[in-house]
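Residue-level listing of the chains:
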Amino acid sequence: MATRNVVLTPHQEQVIHDLVQSGRYQNASEVMREGLRLLEQRVAEDTAKIEALRQATSIGLMDLEHGRFAQLNKGDLEHYLEGLSLEATIPASEKH
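The structure presented is a predicted model; accordingly, all values stated were derived computationally and were not measured.

Reading the values: rules and limits
- Residues numbered from 1 in each chain as written.
- Predicted model: local features only at pLDDT ≥ 70, side-chain atom pairs only at ≥ 80, totals over all residues.
- Heavy atoms only, no water.
- Helix = DSSP H or I, 4+ residues; strand = E, 2+ residues; numbered from the N terminus.
- Areas by Shrake-Rupley, 256 points an atom, 1.4 Å probe, with all protein chains shown as cover.
- Lys, Arg positive; Asp, Glu negative; His and termini not counted.
- Charge placed at Lys NZ, Arg CZ, Asp CG, Glu CD.
- Expected span 1.5 Å × (residues − 1).

A.B. asks: Looking at this structure, I do not really get the overall build of the protein chain. What am I missing?
C.D. replies: Helix and strand counts for the protein chain come out as three helices and zero strands. When its C-alpha atoms are laid out on the principal axes, the protein chain stretches across 60 × 30 × 30 Å. Accessible surface, the protein chain as shown: approximately 8900 Å² in total, 56% of it carbon and sulfur. Counting 10 positive and 15 negative side-chain charges, the protein chain places the centres of these two groups 7 Å from one another.

As structure tokens, this is what we get:
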């Protein structure tokens, strides 16, 4: 395994120390590897969210280009969103 030197703040050092002392981890390397696994997971989740937003944006732009949108007057947004929320809570079997 590769060895790396890292500079930690006193707080980070204390967190590592406390986690090892708790018995949850056997040593500082385990704590650091777990932190990197969590970071890797978060980056993957963020990447998936960004891709979903890109797809939603693309769909939205295509809908705009094809005239598939609702134009609202000032003050109508809240009412419109309430209707969407209500529609989303009605089971599909009850929709006509």
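A.B. asks: I keep staring at helix α1 (residues 10-21) and nothing clicks. Help me out?
C.D. replies: An α-helix turns once per 3.6 residues; consequently, residues spaced three or four apart project the same way. Compared with an ideal rise of 1.5 Å per residue, which puts twelve residues at 16 Å, α1 spans 16 Å between its outermost C-alpha atoms and is within 8% of the ideal. One or two steps after α1, the chain reaches Gly23, where phi turns positive at roughly 90 degrees.

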